[in-house]
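Close look at the chain arrangement
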Protein chains: 2
Amino acid sequence: MKVLEVIQKRRSIRKYKEDPIPEDVLQRVLEAARLAPSGKNLQPWKFVIVRDKELKNRLVHASAGQFFIAEAPIIVVACGFPDECYSKMGRYMKSWPVDVTIALEHLILQAHEDGLGTCWVGSFEEEAVKSILNVPESVKVLALTPLGYPDEDPPFRGRKSLDEIFSYDKY
Amino acid sequence: MKVLEVIQKRRSIRKYKEDPIPEDVLQRVLEAARLAPSGKNLQPWKFVIVRDKELKNRLVHASAGQFFIAEAPIIVVACGFPDECYSKMGRYMKSWPVDVTIALEHLILQAHEDGLGTCWVGSFEEEAVKSILNVPESVKVLALTPLGYPDEDPPFRGRKSLDEIFSYDKY
């Protein structure tokens, strides 16, 4: 599929089949994240691929009880390195949330291309997730996504119009 | 192109032709940003499409003198709304940097598919950019990118290995 078609058809999937993900498909999806650009090419990220059932269930409890994330064969936990990133974005912020987001969205788009579903999960207790996966103190958890074959086909949720979000030469 | 191919071939472009961008191409690239997912679908973003030469030159001076950004026919300035986003990502951050990043990366991937170059620019003085474009006090500027036809073909800069950035079940 072309990029825009993938973007148009991707949905946040909250119901998954148990079918496992073939290794070659998984590697392609991970490769899309690996190749992401980042501030000064520092790549301040690490991704934990959680397949263990007990760990997935514990992540559910650290994520406001969103049971669907454990239905998928994999939960991807996206982590960033505040101490190893470009530290002056706009002169006010560290780049790691931007860098990690780009990489995770690459993974999510390639997942859709390969027939897999995902869902950006932002409702989680960071400290609990870190404790479950032994994430070091200095590392941040940005987001989680389940990764698996969709068992639903949700409708498009709508977006603001072009006029509302783009302007020309002045804000 | 397929998503992974676009991701593999995209480069940060720092030299642009003056050729204008056809309106239908521009609209496709903007559509890719418009369709991005965001926390609670709040879409806390606005993008300023800067085509005016004087404004572009002023943005150069607000961006550490990176002259190449004004070579391109357009500079896209990506803004976020801290007051209108999901405010509890991981229980510690507002979602707008994540939301705006996803939308801008969509734009960047579709731009590459359409033969256009871009470059994530994070080295800018936010207050100066806001002043040049009349961005309201409550709105943040996340990043800029030039948008135009590439006049260079930079080599791949390399990335960390899969082993270095992915782990299984534990960090």
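Residues numbered from 1 in each chain as written. Chains lettered and ligands numbered in written order. Predicted model: local features only at pLDDT ≥ 70, side-chain atom pairs only at ≥ 80, totals over all residues. Heavy atoms only, no water.

Here's the deal with the nonpolar core
- Membership of the largest hydrophobic core comes to 68 residues, with the highest contact counts inside it found for Leu147 of chain A together with Leu147 of chain B.
- When neighbours within four sequence positions are excluded, Leu147 of chain A is seen to be in contact with Ile21, Leu26, Val29, Ala72, Pro73, Ile74, Val76, Ala111, Leu116, Gly117 and Thr118 of chain A. (Core = buried A, V, L, I, M, F, W, Y, C linked by side-chain atoms within 4.5 Å. Buried < 20%, exposed > 50% of the residue type's maximum accessible area, 1.4 Å probe, protein only. Contact = heavy atoms within 4.5 Å.)

Considerations on the relation of the copies chain B and chain A
- The transformation that overlays chain B on chain A combines an axial shift of 0.0 Å with a rotation of 180°, and the residual RMSD is 0.0 Å. Considering both components of the superposition, the chain copies are consistent with a two-fold axis.
- A high fraction, 100%, of the interface residues of chain B reappear at the interface in chain A, so the copies pair face to face through one surface. (Least-squares fit on C-alpha atoms with pLDDT ≥ 70 in both.)

Quick word on the sheet that holds strand β1 (residues 45–50) of chain A
- With respect to topology, 4 strands assemble into an open sheet ordered β3(A)-β2(A)-β1(A)-β4(B), the strand pairing being mixed. What marks the edges here is a single partner per strand, and that holds for β3 (140–147) of chain A together with β4 (166–168) of chain B. In this sheet, adjacent strand axes meet at a mean angle of 20° when their direction is disregarded. (Pairing = 2+ DSSP bridges. Helix = DSSP H or I, 4+ residues; strand = E, 2+ residues; numbered from the N terminus. Axes fitted to C-alpha atoms, helices over the stretch in contact; angles between N-to-C directions.)

Points about the packing of helix α2 (residues 23–34) of chain A against helix α5 (residues 96–113) of chain A
Residue and element names in this part refer to chain A.
- Contact geometry of α2 with α5 gives a least axis separation of 7 Å together with a crossing angle of 150°. Relative to α5, the element α2 is oriented roughly antiparallel. Between α2 and α5 lies a crossing of right-handed hand. From α2, Arg28, Val29, Leu30, Ala32 and Ala33 reach across to α5, where they touch Ala103, His106, Leu107, Gln110 and Ala111.
- Here the contact of α2 with α5 is built from residues that sort into 7 nonpolar, 2 polar and 1 charged. (Parallel < 35°, antiparallel > 145°, perpendicular 65-115°, else oblique. Left-handed = near helix turned anticlockwise from the far one by under 90°. Nonpolar A, V, L, I, M, F, W, Y, C, P; charged D, E, K, R; others polar.)

Some points on the pattern of salt bridges
- The tally for this structure, following the rule as stated, stands at 14 salt bridges over all chains.
- The shortest N-O distance in the salt bridge between Arg34 of chain A and Glu31 of chain A comes to 2.9 Å. Placement of the pair is Arg34 of chain A and Glu31 of chain A together in helix α2, with a separation of 3 residues, close to one helical turn. For the pair Arg34 of chain A and Glu31 of chain A, one class covers both residues: buried.
- Lys2 of chain B is the partner of Glu113 of chain A in a salt bridge, and the nearest nitrogen-oxygen pair spans 3.8 Å. Note that Glu113 of chain A is positioned in helix α5 and Lys2 of chain B in the segment before α1 (3–9), a pairing that runs across two chains. (Salt bridge = Lys/Arg side-chain N within 4 Å of Asp/Glu carboxyl O.)

A short note on the side chain of Gln110 of chain A
- Relative to the elements of secondary structure, Gln110 of chain A occurs in helix α5.
- Among the polar contacts listed, one links the side chain of Gln110 of chain A to the side chain of Asp114 of chain A, at a separation of 2.9 Å.
- The residues contacting Gln110 of chain A, other than those within four sequence positions of it, are Arg28, Val29 and Ala32 of chain A together with Val3 and Leu4 of chain B. (Polar contact = N/O pair within 3.5 Å; in protein donor to acceptor, adjacent residues only side chain to side chain.)

Topic: the interface of chain B and chain A
- Tallying the contact residues gives 83 residues for chain B and 83 residues for chain A.
- Summed over both sides, the interface between chain B and chain A buries roughly 7,500 Å², with carbon and sulfur atoms accounting for 60% of that surface.
- Considering only the surface of chain B that becomes buried against chain A, Arg159, Asp169 and Tyr171 of chain B emerge as the three largest contributors, covering 11% of it.
- Viewed at the interface, chain A and chain B are joined by 4 salt bridges. (Buried area = accessible area lost by both parts, 1.4 Å probe.)

Description of the packing of aromatic side chains
- Following the criterion strictly, the structure yields 2 aromatic pairs over all chains and no others.
- Taking NZ or CZ as reference, Lys140 of chain B lies 3.6 Å from the ring centre of Tyr92 of chain A, over its face. (Phe/Tyr/Trp six-rings, centres within 6.5 Å; stacked < 30°, edge-to-face > 60°. Lys NZ or Arg CZ within 6 Å of the ring centre and 35° of its normal.)

Observations regarding unusual backbone geometry
- Positive phi outside glycine occurs at Gln43 of chain A, with the angle close to 50°.
- Exposure remark for Gln43 of chain A: the relative accessible area of 6% places this residue in the buried category.
- The backbone of Ala64 of chain B shows a phi angle near 55°, a positive value even though the residue is not glycine.
- For Ala64 of chain B, the location among the structural elements is in the loop between α3 (53–61) and α4 (68–71).
- Looking at Ala64 of chain B, the relative accessible area reads 54%, which means it is exposed.

Some remarks on the pairing of β1 of chain A
- In terms of residue burial, β1 of chain A counts as a mostly covered element, since 6 of its 6 residues are buried.
- Both faces of β1 of chain A are covered, namely the face carrying Trp45, Phe47 and Ile49 of chain A and the face carrying Lys46, Val48 and Val50 of chain A.
- One ladder, built from 6 bridges, connects β1 of chain A with strand β2 (residues 74–80) of chain A; its direction is antiparallel. Bridge pairing in β2 of chain A places Ile49 of chain A opposite Val76 of chain A.
- Of the pairings in the sheet, the one linking β1 of chain A to β4 of chain B comprises 3 bridges and is parallel in character. Bridging from a neighbouring strand, Ile49 of chain A pairs with Tyr168 of chain B of β4 of chain B.

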